[in-house]
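Spelled out, the chains give:
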Amino acid sequence: MDFNLTREQELVRKMMRSFTENEVEPIAAETDRTSEYPAETIDKLFRYGVMGMVVPKEYGGAGADDVCGAIAIEEISKACASTGDIVATHNGLCCGPIMKHGTPEQKAKYLPMLTSGHVGAFALTEPNAGSDASKGTTTAVLDGDHYVLNGSKIFITNGYVADIFVVFAMTDPSKGTKGISAFIVEKDFPGFSVGKHEEKMGLHGSPTAEIVFTDCIVPKENLLGVAGKGFSIAMQTLDGGRIGIAAQALGIAEGAMAKAMEFTKSRVQFGKPISKFQNTQFKFADMQVAITAGQYLTYAAAAKKGEGKRFTLDAAMAKLFTSENAMKITTECLQMFGGYGYTKDYPIERMMRDAKITEIYEGTSEVQRIVISGNIL
Ligand SMILES: Cc1cc2nc3c(=O)[nH]c(=O)nc-3n(C[C@H](O)[C@H](O)[C@H](O)COP(=O)(O)OP(=O)(O)OC[C@H]3O[C@@H](n4cnc5c(N)ncnc54)[C@H](O)[C@@H]3O)c2cc1C
């Protein structure tokens, strides 16, 4: 097993670190305050080839490997988890399933769009179907040369900015999970609309919305993969997406730790910087161990995915470990800031709010434990 990053992976880290410092960090606090989608940053990420990074070059992507994809999200999320989330969703949850399950025609049509400015989304969750995603009630009925979709999806990342959605709907309710199919839906298809925009605890720059299908007309050729295989496509996609969330959680933890180290070196109490207290030092030591272990888990899962090996267990372990550590580390770091940490003068409270979602979406921590135990028992 090779634990070293390749030259290309190191280069991606360097490039993304510089991009984050120059373009993401300066507007992160304002993005959180205003809850505005960082449109200009995302446009630049399209131009830099980060949106659609793992898409093959023949479709306009950067053709990067999955470890590069994870590193890009990690670096961006050090400064702004919202931007990291927008990229992770676009790359992992929209480009991903189209690359894997799309017909040559679907790939030729949608992947160049997804690498040249059209934002992607993934719509699985419904009001009564969250952790148990099999209980969705959105239907898709074949009517001649098109499907007619009815129902709604909630909590959809990129929901009110995306142009292209991978959507899951029941084509045969009598067959349970084997009656679910996946579709590529464009926002301009008749009967598609965006509903409620969510106001959230954190991740304010990431646009989360309900999407609604009212006799929505989807051409037959936009069925993604085989009819009835949608649930399997959703689960496979989430396996990949979890590597992106693990990378996002890593980035949040690393960003918080860097801010806390800076603060504790300059904050003097009892006559010395609080970084000189062993209590502080030991906490940083534990954080570094958790971050490094999380990197190994995350990059190993990404590498396995890239090699075409089964990586369900690896992705679940990476997501569980890094997200719970992101929550722990941001909480500890905020504590080191004392009262200042509780104010909006410092980014640490935002990082703690942003960290929480990593334990919830793309499968809660409890769901990851179900996946992990199910794979080992
Ligand atoms: C900001 C945000 C962005 C999102 N983006 C997307 C997106 O782009 N696309 C999309 O499709 N969805 C998205 N989601 C939905 C997200 O994936 C779900 O919220 C998540 O999977 C949990 O589902 P739920 O909210 O219905 O909670 P529930 O499933 O109702 O769970 C509630 C609690 O019960 C626990 N629980 C449930 N079942 C079990 C069990 N068997 N054993 C033990 N505990 C259990 C859960 O772990 C959780 O703690 C997003 C959500 C948020 C908040």
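Our structure's up above, just so we're on the same page.
The following paragraphs examine the structure supplied in this document. Throughout, a residue's number is its position along its own chain's written sequence, starting from 1. Where local features are concerned, this predicted model is filtered to residues with pLDDT of at least 70; where side-chain atom pairs are given and counted, the filter is 80 or more; whole-chain, interface and lining totals use all residues.

**Observations regarding the overall build of the protein**
(1) Moving on: Per the convention used, a helix needs a DSSP run of H or I reaching at least four residues, while a strand needs a run of E reaching at least two, with both numbered from the N terminus. Along its length, the protein carries 10 helices and 10 strands.
(2) Moving on: Every radius of gyration here is taken over C-alpha atoms, with the globule rule written as 2.2 Å times N^0.38, N being the number of residues. Here the C-alpha atoms of the protein give a radius of gyration of 21 Å, agreeing with the 21 Å that 2.2 N^0.38 yields for 377 residues.
(3) Moving on: The buried share of the protein, reckoned over its 377 residues, is 52%.
(4) Moving on: For the protein, long-range pairs separated by at least 24 residues make up 75% of all intrachain contacts whose partners lie at least 6 apart in sequence. Residue burial is a threshold on neighbouring C-beta atoms within 10 Å of the residue's own C-beta, all placed from the backbone, with 20 or more meaning buried, 12 or fewer meaning exposed, and counts in between meaning partly exposed. We call two residues in contact if the C-beta atoms placed from their backbones are at most 7 Å apart.

**Quick notes on helix α9 (residues 348–357)**
(1) Moving on: Of all 10 residues making up α9, seven are buried, and the element is well covered by its neighbours.
(2) Moving on: For α9, the complete set of buried residues consists of I348, R350, M351, M352, D354, A355 and I357.
(3) Moving on: Considering only its buried residues, α9 is in contact with α1 (7–34), α4 (81–101), α6 (230–266) and α8 (312–336).

**A look at helix α7 (residues 278–306)**
(1) Moving on: What a helix is expected to span follows from its residue count: subtract one and scale by 1.5 Å. Taking 1.5 Å of rise per residue, 29 residues should cover 42 Å, and α7 covers 42 Å from first to last C-alpha, within 8% of that figure.
(2) Moving on: Among all positions in α7, only T280, M287, A290, G294, Q295, L297, T298, Y299, A301, A302, A303 and K305 are buried.
(3) Moving on: Where α7 is buried, its residues touch α3 (66–79), α6 and α8.
(4) Moving on: One or two steps after α7, the chain reaches G308, where phi turns positive at roughly 80°.

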